[in-house]
Amino acid sequence: MSAPDRQNTRITLAKRPEGMPVASDFTVERATAPTPGPGEVLLKTLYLSLDPYMRGRMSDRKSYAAPLEIGEVITGGVVAEVVASENAAYPVGTLVTHHSGWQGYALANPENAPLPIVDPDNAPISTAVGVTGMPGQTAYFGLFRVGKPQPGETVVVSAASGAVGATVGQLAKAHGCRVIGVAGGPEKCAWCVDEAGFDACVDYRDPAFPAQLAAACPDGIDVYFENVGGAVLEAVAPLLKPTSRIPVCGYISAYNSPSDAVLEAPDAWLKRTINPELETRFFLVHEWAGEFGEATKALGAMIRAGTLKYRETVVEGLENAPEAFLMLFTGANAGKLLVKVGDREKA
Ligand SMILES: NC(=O)c1ccc[n+]([C@@H]2O[C@H](COP(=O)([O-])OP(=O)(O)OC[C@H]3O[C@@H](n4cnc5c(N)ncnc54)[C@H](OP(=O)(O)O)[C@@H]3O)[C@@H](O)[C@H]2O)c1
């Protein structure tokens, strides 16, 4: 029987965005999906994860990660199904995660780098690029290895209802901390308190935000898990103690700045303006790549026990990825932002 003729849709970088990306920064291409060679597998994308870091790859600003080339498929993590295999360890039907990027099909060679297997019994498979995958691992290791919270301490987390932030808050809460979220708008703040069990959540869009944050943290802040930077960081800074720990996970408020703007990272800003001795550093989740399995299992167990709540915003269709990506910067996403790209062939 001949192999089915699979049409691959690929979204590539047409030009580097200036500020917020627009449709003309991307090209939608169609081609026949490739056929696996010896040792290779063909992966069909089921879910594509949309993440803030992708904005950095579209720019040629100096960064820890090399920029995408013009014409290259936009980078991205996916949950995928093996739909053709020349590798006995990965038979057709196997579910994996991979950095396939913004496309419907991709070849991978597990002999070069093993593909993480997705266990549907751990948690719903979409979470393998969400709260049990990279964003969840970021929360887990960033909080415990860099933030080092102690029971009874006050932990503040920004982008609190998002994929990373909501997980940070619930892990800190389960650890015995007092948890204050910072999020955009009353609906997101209510979710953090009513569903995720935070002690309080403050809306940074409210003009009284700095005073409200101070009122929610009467003993100051022991751990500030930084996701956004900008005005939120400025309101947090006076509430820090000499003993505070500040894991700098990201600072999304600056990601659409002009490419020639000189950006100061939150850890550098805090050391320069508040206290050069503060325990703060920017971390990358890949520092703990050898331990990802531990976090995935722990987070999956919490989901099954009902102690880790999460939300997903799922947009249908790969061609809608460029527009959906903007939700991360307008705050229109509620929880992990995903694109549903295709259905399983082998259910
Ligand atoms: N260091 C690492 O290894 C690593 C790994 C993964 C993620 N990250 C970082 O973690 C952070 C959260 O990522 P995520 O995937 O969990 O995204 P997310 O929180 O699910 O989505 C992004 C959220 O950021 C908030 N936001 C956007 N612009 C903002 C602004 N100008 N000021 C304040 N808040 C703003 C919005 O929420 P509101 O509606 O609440 O404003 C938006 O929903 C990002 O900074 C990302 O770069 C770092």
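In what follows, the accompanying structure is described. Remember, it's a predicted structure, so these values are computed and weren't measured experimentally. (Residues numbered from 1 in each chain as written. Predicted model: local features only at pLDDT ≥ 70, side-chain atom pairs only at ≥ 80, totals over all residues. Heavy atoms only, no water.)

## Re the overall build of the protein
In terms of helices and strands, the protein carries ten helices and 14 strands. The C-alpha atoms of the protein give a radius of gyration of 21 Å, which matches the 20 Å a tight globule of 347 residues would have. Each principal axis of the C-alpha atoms in the protein carries an extent, and together these give about 70 × 45 × 35 Å. In the protein, which comprises 347 residues, the proportion classed as buried is 54%. Counting only contacts in the protein whose residues sit at least 6 apart along the sequence, the fraction spanning at least 24 positions is 67%. Of the accessible surface of the protein, which amounts to about 15,000 Å², a share of 54% is contributed by carbon and sulfur atoms. Positive and negative side-chain charges in the protein, numbering 29 and 39 respectively, have mean positions lying 2 Å apart. (Helix = DSSP H or I, 4+ residues; strand = E, 2+ residues; numbered from the N terminus. Rg over C-alpha atoms; globule rule 2.2 N^0.38 Å. Buried < 20%, exposed > 50% of the residue type's maximum accessible area, 1.4 Å probe, protein only. Contact = heavy atoms within 4.5 Å. Areas by Shrake-Rupley, 256 points an atom, 1.4 Å probe, with all protein chains shown as cover. Lys, Arg positive; Asp, Glu negative; His and termini not counted. Charge placed at Lys NZ, Arg CZ, Asp CG, Glu CD.)

## Points about the sheet that holds strand 10 (residues 221–225)
Spatially, the six strands line up as an open sheet ordered 9-8-7-10-11-12, and their pairing is parallel. With partners counted over all chains shown, the strands left at the sheet margins are strand 9 (200–203) and strand 12 (279–282), one partner each. Taken over all neighbouring pairs, the strand axes of this sheet differ in orientation by 20 degrees on average, direction set aside. Sheet topology note: the strand 7 (residues 154–158)/strand 8 (residues 178–183) ladder contains five bridges and is parallel. Paired with Val-157 across the bridge in strand 8 is Gly-181. (Pairing = 2+ DSSP bridges. Axes fitted to C-alpha atoms, helices over the stretch in contact; angles between N-to-C directions.)

## Here's the deal with the environment of Gly-300
Checked against the element boundaries, Gly-300 lands in helix 8 (residues 292–305). On the accessibility criterion, Gly-300 (0% relative accessible area) is buried. With 210 residues separating them in the primary sequence, Gly-300 and Tyr-90 have C-alpha atoms 23 Å apart. Not counting residues up to four positions away in its chain, the partners in contact with Gly-300 are Asn-122, Ala-123 and Thr-132.

## Points about the environment of Val-232
You can see Val-232 is positioned in helix 6 (residues 230–236). The exposure class assigned to Val-232 is buried, which follows from its relative accessible area of 5%. For Val-232, the contacting residues outside a window of four places in its chain are Ser-158, Val-182, Tyr-204, Phe-209 and Tyr-224.

## Structural notes on the side chain of Arg-245
For Arg-245, the location among the structural elements is in strand 11 (residues 240–248). What makes Arg-245 buried here is its relative accessible area of 9%. Polar contacts involving the side chain of Arg-245 include one to the main-chain carbonyl oxygen of Thr-243, which spans 3.1 Å. In this structure, Arg-245 is in contact with Val-146, Gly-147, Lys-148, Pro-149, Gln-150, Glu-153, Asp-222, Val-223, Tyr-224 and Glu-279, ignoring residues within four places of it in sequence. (Polar contact = N/O pair within 3.5 Å; in protein donor to acceptor, adjacent residues only side chain to side chain.)

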